Amino acid sequence: LALGAYVLASLPLAILFAVNHQFRHVFFNLSSHYRAKLVKPRTVHVGDSITAGGGHWSFLLSSMPFDSINLAGDGYTTRQIAGQVRRALLYQPKVVVIMAGANDILGGDFREQEVVDGYIYIAKLFAGKPSQCLVTLPTKLRDPSQTETVELLNGRLSDILLEMGCLVVDLNPD
């Protein structure tokens, strides 16, 4: 009788877990957060909607289900992502994966130097920290007129970030 009541009570949560991506993401991210109090996460992901949309990255990057935490948020700019990096470093992960810049470009008041300065600030946050900085450069956007902006920005960022000790990934095909 007790087992039947347990199964009956658990069924709605199991169905929600099975059909709702956002519910699973929140569950695994929250579980990873509490696990991080005992075992440092392998990766913490920060960034904009591209990173947030990846959900719980552990399943894509590791065999451990609670080995990453995703702090990314929709619409975040480089300045906001710098705050995420400060929070990410508190977890002392092996790697902080960063993707920023697309929303700065899309915002309409794009200032390349502000984005570059934001990334320099982010890279400096890693000084003396055990975590590795891994930056995924902004991807080309749907609007072809912004392709040159992304390419110029990425050219500047890549050299600066590599010099500052970050790993850099460029997802843009040549």
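Reading the values: rules and limits
- Residues numbered from 1 in each chain as written.
- Predicted model: local features only at pLDDT ≥ 70, side-chain atom pairs only at ≥ 80, totals over all residues.
- Heavy atoms only, no water.
- Core = buried A, V, L, I, M, F, W, Y, C linked by side-chain atoms within 4.5 Å.
- Buried < 20%, exposed > 50% of the residue type's maximum accessible area, 1.4 Å probe, protein only.
- Helix = DSSP H or I, 4+ residues; strand = E, 2+ residues; numbered from the N terminus.
- Contact = heavy atoms within 4.5 Å.
- Pairing = 2+ DSSP bridges.
- Axes fitted to C-alpha atoms, helices over the stretch in contact; angles between N-to-C directions.
- Parallel < 35°, antiparallel > 145°, perpendicular 65-115°, else oblique.
- Left-handed = near helix turned anticlockwise from the far one by under 90°.
- Expected span 1.5 Å × (residues − 1).
- Disulfide = S-S within 2.5 Å.

**As for the nonpolar core**
Next, step 1: Core analysis: the largest hydrophobic core is formed by 32 residues, its most contacted members being Val46, Val85, Ile98, Tyr119, Phe126 and Val135.
Next, step 2: Elements with a contribution of two residues or more to this core: strand S1 (43–47), helix H5 (78–90), strand S3 (95–99), helix H6 (102–106), helix H7 (112–124), strand S4 (132–136) and helix H8 (147–163).
Next, step 3: Contact partners of tyrosine 119, with chain neighbours within four places excluded, come to Thr78, Ile98, Met99, Ala100, Gly101, Val135, Thr136, Pro138, Leu157 and Leu161.

**A look at the sheet that holds S1**
Next, step 1: Read across the sheet, five strands follow the order S2-S1-S3-S4-S5 without closing on themselves; strand pairing throughout is parallel. The sheet terminates laterally at strand S2 (68–70) and strand S5 (167–169), the two strands that pair on one side only. Shown here is a sheet whose adjacent strand axes are inclined to one another by a mean of 20°, direction ignored.
Next, step 2: Note that S1 and S3 share five bridges and pair parallel. If you follow valine 44 over to S3, its bridge partner there is valine 96.

**Notes on the packing of H7 against H8**
Next, step 1: Relative to each other, H7 and H8 sit at 25°, their axes nearing to 10 Å. Of the possible angle classes, the one that applies to H7 and H8 is roughly parallel. Relative to H8, H7 is oriented so that their crossing is right-handed. In contact with Glu112, Gln113, Val115, Val116, Tyr119, Ile120 and Ala123 of H7, H8 contributes Leu152, Leu153, Arg156, Leu157, Ile160 and Leu161.

**Concerning H8**
Next, step 1: Relative to the 24 Å expected for 17 residues at 1.5 Å per residue, H8 spans 25 Å between its end C-alpha atoms, a close match to the ideal helical length.
Next, step 2: Buried residues along H8 sit against H6, H7, S4 and S5.
Next, step 3: At the C-terminal side of H8, glycine 165 shows a positive phi close to 95°.

**Concerning the state of the cysteines**
Next, step 1: Throughout the structure, instances matching the rule amount to one disulfide.
Next, step 2: Covalently, cysteine 133 is tied to cysteine 166 through a disulfide, its sulfur atoms 2.4 Å apart. Looking along the S-S bond of the cysteine 133-cysteine 166 disulfide, the torsion reads about 90°, which is the right-handed sense. With cysteine 133 in strand S4 and cysteine 166 in the loop between H8 and S5, this residue pair connects regions lying 33 residues apart in the sequence.

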